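Observations on chain architecture
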Amino acid sequence: MRLTIIVTLSFIGVILSPLCSSVYAFEDIGSSRISPASSFYFLKTIRESIELKLAFTPKVKIVRELEFATRRLREVKSLVGTGSEDLIAPTLERYWYHVQKIPDKLGDRDTLAIHLETLERVYDQLLNKRAKMAIRATINRLVGRADLSPNARLSACIFLTKEASSSALNETERQILKERAGRC
């Protein structure tokens, strides 16, 4: 019985692995084939749960969490312009959940810089105000991490400063962004 379960789960993992591969070497992280709008999204969740349970060392768990965070950003990119932009905010919350599991001193500076760059690019393509607000909040959260490179932090602070002067925001949002940019 146990062997059957292990073989079945392994088979499912082999089948789903090409759908969710991770690449950190490129500046463009790509987009997800299975987005939160897909009816097969639950399979991705099951796969990640199994992957995390099979990560036996703390270092492997950290790598997995970083990989899962990257997958959430791919999902955000795949939601842009699909009419499902309302799913971006909850997807970014799941992204932040994974990033928080990574200790500040052990995160990958380059990967987090790529994440910030991706968020800034996606932001310009969005029409949904709630999704834009979620991206601004996520960028603000990332700026507070100790393992973020100085160049990435500067880029994020410039982004927040630019958005603080945007006429598309109401006065309250502008004030909040000014305060966040001022903390940079």
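Keep in mind the model is a prediction, meaning the values are calculated, not measured.

About the thresholds
- Residues numbered from 1 in each chain as written.
- Predicted model: local features only at pLDDT ≥ 70, side-chain atom pairs only at ≥ 80, totals over all residues.
- Heavy atoms only, no water.
- Helix = DSSP H or I, 4+ residues; strand = E, 2+ residues; numbered from the N terminus.
- Buried < 20%, exposed > 50% of the residue type's maximum accessible area, 1.4 Å probe, protein only.
- Contact = heavy atoms within 4.5 Å.
- Areas by Shrake-Rupley, 256 points an atom, 1.4 Å probe, with all protein chains shown as cover.
- Expected span 1.5 Å × (residues − 1).
- Phe/Tyr/Trp six-rings, centres within 6.5 Å; stacked < 30°, edge-to-face > 60°.
- Lys NZ or Arg CZ within 6 Å of the ring centre and 35° of its normal.
- Axes fitted to C-alpha atoms, helices over the stretch in contact; angles between N-to-C directions.
- Parallel < 35°, antiparallel > 145°, perpendicular 65-115°, else oblique.
- Left-handed = near helix turned anticlockwise from the far one by under 90°.
- Nonpolar A, V, L, I, M, F, W, Y, C, P; charged D, E, K, R; others polar.
- pLDDT = per-residue confidence, 0-100.

Focus: the overall build of the protein
Helix and strand counts for the protein come out as eight helices and zero strands. Reading the protein from its N terminus to its C terminus gives the helix and strand order α-α-α-α-α-α-α-α. Among the 184 residues that make up the protein, the fraction classed as buried is 42%. Pairs at least 24 residues apart make up 67% of the contacts formed inside the protein by residues separated by at least 6 positions. Total accessible area computed for the protein in this model is approximately 10,400 Å², and 60% of it derives from carbon and sulfur atoms.

So, helix α3 (residues 58–79)
In this model, α3 (22 residues) spans 32 Å end to end at C-alpha, consistent with the 32 Å of a helix rising 1.5 Å per residue. G81 sits one or two positions beyond α3 and adopts a positive phi of about 75°.

Digging into the packing of aromatic side chains
Where two aromatic rings form a pair, the distance of their centres and the angle of their planes describe that pair. All told, the structure shown has one aromatic pair when counted by the stated rule. Relative to F159, the ring of Y123 has its centre 5.0 Å away and its plane inclined at 90°; by these criteria the two rings are edge-to-face. A residue pair is termed long-range when its members are at least 10 positions apart, and Y123 in helix α5 (residues 109–125) and F159 in helix α7 (residues 150–164) qualify at 36 residues. Neither Y123 nor F159 differs from the other in exposure class; each is buried. Taking the ring centre of Y123 as reference, the NZ or CZ of K132 above it sits at 4.8 Å.

Some remarks on the packing of α5 against α7
At a closest axis distance of 9 Å, the pairing of α5 and α7 adopts a crossing angle of 20°. Classified by the angle their axes make, α5 and α7 are roughly parallel. Here α5 and α7 pass one another in a crossing that is left-handed. Each of R109, A113, L116, E120, Y123 and D124 in α5 lies in contact with α7, whose residues at this interface are P150, A152, S155, A156, F159, K162 and E163. Within the contact of α5 with α7, the residues separate by chemical class into seven nonpolar, one polar and five charged.

Here's the deal with the side chain of T138
Looking at the secondary structure, you find T138 in helix α6 (residues 129–143). Under the relative-accessibility criterion, T138 is labelled buried at 2%. If we ignore the near neighbours within four places in the chain, the residues touching T138 are L92, Y95 and L119.

Digging into the environment of N151
As for its placement among the helices and strands, N151 is situated in helix α7. Note: C-alpha distance between N151 and A113 (38 residues apart in sequence) is 8.2 Å.

Some remarks on the confidence of the model for the protein
Close inspection of predicted coordinates is inappropriate in any region flagged by low pLDDT. The share of residues in the protein with pLDDT of 70 or more is 84%, and the mean pLDDT across the chain is 83. When pLDDT is averaged over each helix and strand of the protein, the minimum, 50, is found for helix α1 (residues 2–16) and the maximum, 96, for helix α4 (residues 88–100).

Considering the environment of F159
The exposure class of F159 is buried, given its relative accessible area of 5%. In this structure, the C-alpha to C-alpha distance between F159 and R136, residues 23 residues apart in sequence, is 8.9 Å. If we ignore the near neighbours within four places in the chain, the residues touching F159 are E120, Y123, R136 and I139.

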